[in-house]
Amino acid sequence: MPKGNGNGLLFLLAALAAVMAVLAVQVKPVVAAEYTDEMVKCVRGIVEDPKNKPNAPGLIGSSSTTPWLGTPFNSTSNSLLANFKGPTEQGSLSNGGLRGMEMIDEIRAKLAEKNITASCADAVAFAAREATFVLSNGKIEYAVDGPGRNDGVVSVVEDPAKFLPAPTYSYEEVLTNFTSKGFTKVDLVALSGAHAVGVAHPLMFSFADRFLPSATLENKIDPFYRAFMLLETKDFTDPQVKLNIRDMAPTTQTLSGYNPDGVNTSAVDVLDNSYYNANLQNMVLFTSDTALRGNAEQLLEDYKKDANLWNAAFGAAMTKLSNTLKAEGPIFEDGSRKKCSATNHDNMESYPSPKP
C-alpha cells in the first residue's frame, strides 16, 4: 500500500483525499439506514488503534479526497479499492499516496461479526467519519447515513487524472470542478482545511510548479519555507514532507518566519483550523491552496479566527460527500463485495446485466 498523501487530501477529498469517495459508488438509499452507536464504536476502535491511526489522514482523503483522490469525482468508474485485471484507479499517479485502505476490509469483518452487512463503499464513508473524529480530538463529528451504498465494478487507471481536481489547478479550475458536482465555494475552502494533517511526496511533482522561475508572483512558494521544509526530508528512499508547517520542527518554523498566532503548535498531527493560518502566510504546498488567497481570503480569515466555525463547515461538507454524492453510469456489484480489493467477478464479460 503506498504511503503518504502524495497529492494532498483535497485530491484524495475530491481522495491525501478522499476523498471523498470511493472504491465504490456513493448512492443515498431511498430510506437511509441508521449509522448506529454500535457501528460507531466498532469503526472508531479500528481507526484509533495505534497501528492504524498514522494512516487515518488517508481515510479522510479516500472518502472525500480532501480530502480529493477518490471516485466521487469520477463519473465513469467507481472502484478505488478494486485491484482486478488491468491497471486500475489505485495505480493512477493522481491517487498517489492513498493510505489506510487495508482497514476497510477489517471494518467490514468486524461489522459482520455483529451481523451488520456493510459494502466497501459504506466502510469507506464510515472510516472517513471516524478518522475525522479521532484526528480532531473529538471536535468534529458529522452525520452519515448507515449501510446502503453500492460497490462499483469498473476501475480505469486513466480516470482520476480526467475527473479529479489537480493540486496544480488554478482557483477557477478547482472551483469549477467542485461546483460541477454540487459543491460550493464554502465547501471548497472548508475541505481544503484537511491539509492540516498528512504528508506529501516531493518526488510526485504535485507542487514542483511553484518552484519554477516561470511561476507567477502570486504562486511562488515562500523561499524560506521551501528551503527549510525540504531540509526535513531525510529519507530519500521514501521522501515525505509534512503538509502543515505546524507539524514541522521548531527550528524549521522559526527559520521560515512562521507566525503561529492562534495555533496550538503542540497539537501535532491534529485536524484543526491551523491550515488557514499557514495559508495566509504562503506556507502551504499546492497551487490549489495558495489560489484561495485573493479569491476566498475572507473565508480563510474567518476559519483562521473561529475554529468552531470551521469545524461545522468541514463536518457539513463531509456529510454532503458521504450521503448525497452520486456517480453517473456505473455498473454495481450484485450483492456485497466479498473482498474490497477485488470484484465478485473475474472480468466484465462474466458480469450479469448492469444495475441501474
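Note that the structure is predicted; figures quoted are calculated from it, not measured. Counting starts from 1 at the beginning of each chain's written sequence and moves along it residue by residue. Given that the model is predicted, a residue must reach a pLDDT of at least 70 before its local features are reported, and side-chain atom pairs must reach 80 or more before they are shown or counted; all residues, however, enter totals for whole chains, interfaces and linings. By convention in this description, side-chain values take in all heavy atoms of the structure and omit both hydrogens and water.

Caption draft 1: Spatial organisation of the packing of aromatic side chains. Think of it this way: a Phe, Tyr or Trp ring, Trp meaning its six-membered ring, pairs with another when their centres are within 6.5 Å, and the plane angle makes it stacked under 30 degrees, edge-to-face over 60, tilted otherwise. According to the stated counting rule, one finds 6 aromatic pairs in the structure shown. With centroids separated by 4.5 Å and ring planes inclined at 25 degrees, the aromatic side chains of tyrosine 35 and phenylalanine 126 adopt a geometry described as stacked. For the pair shown, tyrosine 35 and phenylalanine 126 are each scored as buried. An aromatic cluster is built from Tyr275, Tyr276, Tyr303, Trp310 and Phe314, whose rings are joined through pairwise contacts. For each residue, the accessible area found with a 1.4 Å probe, counting protein chains only, is set against the maximum for its type, and the residue is called buried under 20%, exposed over 50%, and partly exposed in between.

Caption draft 2: Structural detail: the pattern of salt bridges. The rule for a salt bridge is simple: a side-chain nitrogen of Lys or Arg has to be within 4 Å of a carboxyl oxygen of Asp or Glu. Counted according to the given criterion, the structure contains 12 salt bridges. One salt bridge in this structure joins glutamate 130 and arginine 44, with 2.7 Å as the shortest N-O distance. When sorted by exposure, glutamate 130 lands in the same class as arginine 44, which is buried. Ionic contacts of the salt-bridge type, sharing partners, join the residues Arg44, Arg129, Glu130 and Glu141 into one network.

Caption draft 3: Broad picture of unusual backbone geometry. Even without being a glycine, asparagine 137 presents a positive backbone phi close to 55 degrees. With respect to the helices, strands and loops of the structure, asparagine 137 is situated in the loop between α4 (120–135) and α5 (159–163). Notably, aspartate 269 is not glycine yet its phi reads approximately 60 degrees, a positive angle. Secondary structure elements are defined from DSSP: runs of H or I of at least 4 residues count as helices, runs of E of at least 2 residues count as strands, and each element is numbered from the N terminus. Examined against the element boundaries, aspartate 269 turns out to sit in the loop between α9 (250–256) and α10 (274–280). Under the relative-accessibility criterion, aspartate 269 is labelled partly exposed at 35%.

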